[in-house]
Amino acid sequence: MVALDGPSGTGKTTVARKLAATLGAGYLDTGAMYRLVTLAVLRAGIDPQDPGAVAALASEVEVGVGTDPARPRAQLGGQEVGEEIRTEPVNAAVSAVSAVPEVREILVAGQRRIIAHVLDTVGGIVVDGRDIGTVVAPDAPLKVFLTASPEVRAARRSAQDSAAGRKSTTAAARASVERRDELDSTRTASPMRPAGDAVVFDTSDLNIEQVLVALSELASQRGLLGGEFAEACR
Ligand code: DC
């Protein structure tokens, strides 16, 4: 298993999917799970700043994510939601929702079940998040924490939004990612931070392929390639 943590705009999700495909492993986007609960909160007309109401909804809502790196899926109550979880209303509310301890408890339990199932069936998994190396899977044989400068992260996020047809400027993207990172790293419940034994890797001056090569090398050094992957994950 590879735990890949870090803030948005570091290339984490793209790299995690490609790395999973390269390793022949499954892929889990834990951010999508927090985004799904947030979408449910917004659809239900619940105030994201009301932790009691958010926790109550989180215990009822059925969140589903796919683990095939070639085909990410996100479902709420069995219905595909597609790109709706990546829109600005969800970006603006997801940090408040993911700071609620009960939400984290429910989703972390679900993440551990998915990881165990994929390790049993596929043999390996790359997990993308904020607290994977610290909380969800502290025994992961490879933990990487990706970083990048705020300018680079904002530019990447803005380019992603534009490519997906969402209106975006670099200034708005920077304000959005900085606000979210501040909230995600200062919350009381499982704040975003590198695990003590994580490899901290700055992607500011690297493209996706270069990051992928570096991470594949790390995975290889830890014996996480090919047939050895399943064994090393246990
Ligand atoms: O990776 P992302 O941008 O899709 O994540 C969306 C939000 O979910 C992020 O702002 C913080 C939260 N999150 C979290 O608290 N813990 C995780 N393991 C993954 C995401």
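Small disclaimer: the values here were computed from a predicted structure and weren't measured.

Trainee: Is there a simple way to think about the sheet that holds strand β4 (residues 74-76) in this case?
Mentor: Through backbone hydrogen bonds, the strands of a sheet pair up, either in parallel or in antiparallel fashion. Ordered by their spatial adjacency, three strands build an open sheet running β3-β4-β5, and the pairing between neighbours is antiparallel. Lying at the two open borders of the sheet, with one neighbouring strand each, are β3 (63-65) and β5 (79-80). Across the face of the sheet, helix α2 (residues 30-43) comes into contact with β3 and β4 while running at roughly 145° to β3.

Trainee: Got a minute to help me understand the nonpolar core in this structure?
Mentor: In summary, soluble globular proteins display a tendency toward joint burial of nonpolar side chains. Ranked by internal contacts, the top residues of the largest apolar core, which has 37 residues, are M1, V103, I115 and I125. Among the elements that line this core, the one with the most residues is α2, at eight residues. The residues touching I115, leaving out its near neighbours within four places in the chain, are M1, L28, I125, V127 and V136. Core analysis: the second largest hydrophobic core is formed by 20 residues, V2, A25, F201 and A219 among them.

Trainee: So what exactly am I meant to see when it comes to the site of the ligand here?
Mentor: Around the ligand sit 16 residues, and of these R35, R104, R180, D184 and R187 come closest. At 3.0 Å, a side-chain N or O of T30 approaches a nitrogen atom of the ligand. Interatomic distance of 2.7 Å between a side-chain N/O atom of R35 and an oxygen atom of the ligand. Starting from 450 Å² of accessible surface for the ligand in isolation, the protein chains cover 98%. Elements represented by at least two residues in the shell around the ligand include exactly α2, α4 (88-98) and α8 (170-186).

Trainee: Help me out: how do you make sense of the sheet that holds strand β6 (residues 125-129) in this one?
Mentor: Read across the sheet, five strands follow the order β2-β6-β1-β7-β8 without closing on themselves; strand pairing throughout is parallel. Of all strands in the sheet, those bounded by a partner on one side alone are β2 (26-29) and β8 (199-202). Along the sheet, successive strands turn relative to each other by an average axial angle of 20°, direction set aside. Note that β2 and β6 share four bridges and pair parallel. Residue pairing in the sheet places Y27 in a bridge with V126 of β6. Those strands touched by α2 are β2 and β6, and its axis lies near 40° from that of β2.

Basis of the calculations
- Residues numbered from 1 in each chain as written.
- Predicted model: local features only at pLDDT ≥ 70, side-chain atom pairs only at ≥ 80, totals over all residues.
- Heavy atoms only, no water.
- Pairing = 2+ DSSP bridges.
- Helix = DSSP H or I, 4+ residues; strand = E, 2+ residues; numbered from the N terminus.
- Contact = heavy atoms within 4.5 Å.
- Axes fitted to C-alpha atoms, helices over the stretch in contact; angles between N-to-C directions.
- Core = buried A, V, L, I, M, F, W, Y, C linked by side-chain atoms within 4.5 Å.
- Buried < 20%, exposed > 50% of the residue type's maximum accessible area, 1.4 Å probe, protein only.
- Near = heavy atom within 4 Å.
- Polar contact = N/O pair within 3.5 Å; in protein donor to acceptor, adjacent residues only side chain to side chain.
- Areas by Shrake-Rupley, 256 points an atom, 1.4 Å probe, with all protein chains shown as cover.

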